[in-house]
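Each chain, written out:
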Amino acid sequence: METENANRYRDVSAARRHARRPLTRRRFIVEAAALGFSGSLYGQTTTPAEPLQPDSAALRRVKREGSTLYIYNWEDYFHPDTIPEFEQLYRTKVVYDAYPGNEHMLAKLQTGGVSYDVIFPTHSFIPILVAQNLLSPLRRHYLPNRANIMPRFLDTHFDPGNKYSLPYTWGMTAIGYNSKYVKEDPNLGSWALIFDSGPQRYSGKIGFTDEREEVIAAALKYKGFSANTHKESELREAGKILVNIKPHLKAFYPGTDEKKAFITEDIVVGHSWNGEVVKAGEKNNAVKWSLPKEGGTGWYDAMVIGRQAPHKFTAHAFMNFLMRPDIAAKNSAAVGYATPNQTALQTIVAPEIAANPAVYPTAKDMKKIEFLATIPDHILPVYSDIWTRLLS
Amino acid sequence: MTSLRNRLLLYLRRHERVKIGVLLAPTTFWVVAFTLLPILIVLYYSFLTSGLWGMVVHELTLDNYREIIDPLFFKLFLRSFLLAAVTVVLCLAAGYPLAYWIAFYGGRYKPFLVFLVILPFWSSYLVRLYAWMTILSDHGIINSGLQLIGLISEPIPLLHNEFAVVVGLTYTYLPMMTLPLYASLERLDRRLLDAAADLGAAPATQFARVTLPLTRGGIISGSVLVFVPAIGEFLVPDLLGGAKVMMIGKFITMKFVGLRDWPLGSAFSLLLMVLVLLVLVPYLRAGGSPKAFEEQL
């Protein structure tokens, strides 16, 4: 199924023929103009022609490093063909370890004794990894495909100058709902759909992600606070709202489990990542995305190289490979999240995907998205306490 | 060479203490390296200071032990204790008949049946928990089956609650109960049962006065083997409990991972260890002589 989809996206004209929603030429032009070509939002870049086959010198270096690459990433975060294709291209073996959350990844790296080559932390964790000296600086000349990346995802204040990281995918966290059950609800389009309508109309059918910062941010947004507030009173208020909604929740879902719950209709509304809602919608048409008027949070997952990485050259080759437009588009389609790869978005990503506001928000929606900041040490105990009390 | 070997053997034969030492060396090494040393490391960490971004500063302090008097910890300990105790009772209720049947009626299939008990350990724990999620979910086998035969109209909530956690714990640790019970039932001298029958004891009396007391060691070691890992479990409550039924293991994980405070997490780990020991000591005393326990291990 995944492979089928990705192949479809590769061929733009075929994708347009098979598009579920009829797409008029006019609408396509209007929306494409609003998205890909509005320089202010997604930026513009030129594409250098990159040879697909690595040269013999590169292959020799990969071989000298031992023809192995250790990846530490979220579960199921590539198109199924991505790793086999890289293995074949560079005649190397890739070992893929998965982690359930940034905090687990950080804890494992902190212990030392593990030597992963490429790791995929969320943007807000990059400064922590840098502060602990767990990352290896990137060598820019090994990464020519960096030119494909949208400027808005480069040189962010999480990694000025992209010394250590480059973006892999990005997304939003807001609301997924099932239109079969959520009908004529005046709270649709607001966080009140979960926090006000939830207890009466969807009790026992509400899902949440299990990411602490994201869950607390949802309640903060509902109250109209910043998702990055450092005011303890506001955080505590958010905690209280969450404790009140908890008896009505089905579960806090780890990883991609919420997607399955949306598909089987175990839950009808949920605090969720957009990619999970998009992928659920492909299997169950009634599952829809809603970015509430109070706003949601934004994030990007980055690619970094571990300090002790034993295969640094291969790691750069892999990162560069992931930034190849066709590979970026394929991965993005498979996982349901947006690619920060400008070239891929303009030339390969299927127009109905590029025009889907659940994947690529409009310029107006983009203003409602607040990127989560790194939680400083002095606020962390408050977060930890709210979260522990909520789950206990 | 041979003479050296012979002399060595002769020496060992004459010096009983050295012989015991040599024979116990591998086990001692194992226990020290993989049980004692890790606990000592945890003990050391519990006296350290936590630094920026979750780093550990090697400065000794008692602060962590001031923080562990947390009412939430004791509330969660109590809940975990109850869940683990219910698990032990259920494992005993399911494991005893199973072990009894294999030991008494297994015949030549005994090794195969014991193999079947261990079989689940060959597949991933995570995969088996996910299998339980599909069994218990609103659209799972049980709910859709009951709906199909018209017993219920709305799915009953089986997943993501305490019930699911107890089911998961019982399922996971049942072999830990069955195996020691099987070992003690298998070793039971059948002639004692014949003697009891000759003396006029009815089957129920035979069981209550002969079988049960003689397998007490198996019951105790099985209960300990189930109780100890069950009370510290955190994956089952996370997945089957939907992260809503927190147990003490998750609380400690959150100190390490969520709060990034390894010293505090270590202090809580030790507190849990001490509390579990305090619970177990009277149980072992009341349940039988320590010898009976050792025999089974």
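One structure accompanies this document, and this report is about it. What you see is a predicted model; the values in this text were computed from it and never measured.

With respect to the overall build of chain A
Then comes step 1: The secondary structure content of chain A amounts to 20 helices and 10 strands.
Then comes step 2: Burial status across chain A gives 61% buried among its 392 residues.
Then comes step 3: Considering only contacts within chain A whose residues lie at least 6 apart along the sequence, 76% involve residues at least 24 apart.

A short note on the pattern of salt bridges
Then comes step 1: In total, this model carries 23 salt bridges over all chains according to the counting rule given.
Then comes step 2: In this structure, aspartate 326 of chain A engages arginine 324 of chain A in a salt bridge whose closest nitrogen and oxygen atoms are separated by 2.8 Å.
Then comes step 3: For aspartate 238 of chain B, the salt bridge goes to lysine 250 of chain B, with nearest N and O atoms at 3.0 Å. Pair noted here: aspartate 238 of chain B is in helix α12 (residues 235–239) and lysine 250 of chain B is in helix α13 (residues 248–257), with a separation of 12 residues, a long-range link.
Then comes step 4: One network of salt bridges, in which partners are shared, links Glu85, Arg324, Asp326 and Lys330 of chain A.

What to know about the environment of glycine 161 of chain A
Residues and elements named next belong to chain A.
Then comes step 1: Take glycine 161: it is sitting in the loop between α8 (126–131) and β4 (165–178).
Then comes step 2: When the C-alpha positions of glycine 161 and lysine 288 are compared, they lie 37 Å apart, and in sequence the two are 127 residues distant.
Then comes step 3: Leave out the neighbours within four places in its chain, and glycine 161 touches Arg146 and Asp155.

Here we look at a nonpolar patch on the surface
Residue and element names in this part refer to chain B.
Then comes step 1: A cluster of nonpolar side chains, Tyr109, Phe112, Phe115, Leu116, Ile118, Leu119, Phe121, Trp122 and Leu179, forms an exposed patch at the surface whose accessible area comes to about 860 Å².
Then comes step 2: In terms of residues, the nonpolar patch owes the most to one element, helix α5 (residues 110–118), which gives 4 residues.
Then comes step 3: By the element assignment, leucine 119 lies in the loop between α5 and α6 (125–136).
Then comes step 4: Looking at leucine 119, the relative accessible area reads 35%, which means it is partly exposed.

Digging into the interface of chain B and chain A
Then comes step 1: Counting from both sides, the interface comprises 28 residues of chain B and, opposite them, 36 residues of chain A.
Then comes step 2: Across the chain B to chain A interface the summed buried area is about 2,700 Å²; carbon plus sulfur atoms make up 59%.
Then comes step 3: On the chain B side of the interface with chain A, the three residues burying the most area are Trp53, Lys244 and Arg260 of chain B, jointly 25% of the side's total.
Then comes step 4: Our count for the contact surface shared by chain B and chain A stands at 3 salt bridges.
Then comes step 5: The tally of links from chain B across to chain A stands at 13 residue pairs in polar contact (both at pLDDT 80 or more).
Then comes step 6: Listed by contribution, the elements that provide at least two residues to the side of chain B that touches chain A are α4 (71–105), α6 and α13 of chain B.

Details of the pairing of strand β2 (residues 93–99) of chain A
All names here are of chain A.
Then comes step 1: Note that strand β1 (residues 68–74) and β2 share 7 bridges and pair parallel. Residue pairing in the sheet places asparagine 73 in a bridge with alanine 98 of β2.
Then comes step 2: Crossover connection from β1 via helix α6 (residues 82–90) to parallel β2: handedness right-handed.

Reading guide: rules and limits
- Residues numbered from 1 in each chain as written.
- Chains lettered and ligands numbered in written order.
- Predicted model: local features only at pLDDT ≥ 70, side-chain atom pairs only at ≥ 80, totals over all residues.
- Heavy atoms only, no water.
- Helix = DSSP H or I, 4+ residues; strand = E, 2+ residues; numbered from the N terminus.
- Buried < 20%, exposed > 50% of the residue type's maximum accessible area, 1.4 Å probe, protein only.
- Contact = heavy atoms within 4.5 Å.
- Salt bridge = Lys/Arg side-chain N within 4 Å of Asp/Glu carboxyl O.
- Patch = residues over 30% accessible without salt bridge, like charges linked within 9 Å, V, L, I, M, F, W, Y side chains within 5 Å.
- Areas by Shrake-Rupley, 256 points an atom, 1.4 Å probe, with all protein chains shown as cover.
- Buried area = accessible area lost by both parts, 1.4 Å probe.
- Polar contact = N/O pair within 3.5 Å; in protein donor to acceptor, adjacent residues only side chain to side chain.
- Pairing = 2+ DSSP bridges.
- Right-handed = clockwise from strand over helix to strand, strands pointing away.

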